[in-house]
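Okay, here's what each chain looks like letter by letter:
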Amino acid sequence: MNDLIQKYIKYCEKHEWTPYLTGIILGVLLIPIIPWVNNFIDDMIGVLSVSIIMFIGGFITLIAKIFRL
């Protein structure tokens, strides 16, 4: 893998347009994934916030049972 990266770097030194072309190709390939990633992150934030609220509630319940409040 390291050898492949070194070859790419040497190729980029010879041909200055290669990094730009690589960036354009990666951008075109990744654009359809962006809405899915955005929805996934939004859903994960929702799940995590509910999990944190449930954890806090369980912790308070545990403390209340320990001290019999």
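About the thresholds
- In this convention, every chain numbers its residues from 1, walking through the sequence in written order.
- A pLDDT threshold of at least 70 governs which residues receive local features in this predicted model, and a stricter bar of 80 or more applies before side-chain atom pairs are shown or counted, although totals over entire chains, interfaces and linings include all residues.
- Side-chain metrics rest on all non-hydrogen atoms present in the structure, leaving aside hydrogens and water.
- Segments assigned H or I by DSSP are reported as helices when at least four residues long, segments assigned E as strands when at least two residues long, and all are numbered from the N terminus.
- Residue burial is assigned from relative accessible area. The probe radius is 1.4 Å, only protein chains are included, and a residue is buried under 20% of its type maximum, exposed over 50%, and partly exposed in between.
- Note on aromatic pairs: the rings of Phe, Tyr and Trp (six-membered ring only in Trp) are paired at centre separations within 6.5 Å, and the planes decide the class, stacked below 30 degrees, edge-to-face beyond 60, tilted for the rest.
- The predictor attaches a confidence to each residue, called pLDDT, with possible values from 0 through 100.

1. As for the overall build of the chain
Tallying secondary structure elements over the chain gives three helices and zero strands in all. Traced from its N-terminal end to its C-terminal end, the chain shows the element sequence α-α-α. Taking the principal axes of the C-alpha coordinates as reference, the chain spans close to 75 × 25 × 15 Å. By the burial criterion, 3% of the 69 residues in the chain qualify as buried.

2. Some details on the packing of aromatic side chains
Two aromatic rings, taken as a pair, are described by how far apart their centres are and by the angle between their planes. What the rule picks out here adds up to two aromatic pairs. Here the aromatic rings of W36 and F40 are separated by 5.5 Å at their centres, their planes lie at 15°, and the arrangement is stacked. Remark: F40 and W36 occur in helix α3 (residues 34-67); sequence separation between them is four residues, near one turn of the helix. Relative to F59, the ring of F55 has its centre 6.4 Å away and its plane inclined at 20°; by these criteria the two rings are stacked. Taken together, the residues F55 and F59, both in helix α3 and four residues apart, mark about one turn of the helix. Among the residues examined, F55 registers a relative accessible area of 60% and is labelled exposed.

3. A closer look at the environment of D3
Mapped onto the elements, D3 comes out in helix α1 (residues 2-14). C-alpha separation for the pair D3 and I52, spaced 49 residues apart in sequence, amounts to 45 Å.

4. Concerning the confidence of the model for the chain
Regions with low pLDDT carry predicted coordinates that are not meant to be interpreted in detail. Considering every residue of the chain, the mean pLDDT works out to 84; 97% of them sit at 70 or more. No element of the chain has a lower mean pLDDT than α1, which averages 83, and none a higher one than α3, which averages 87.

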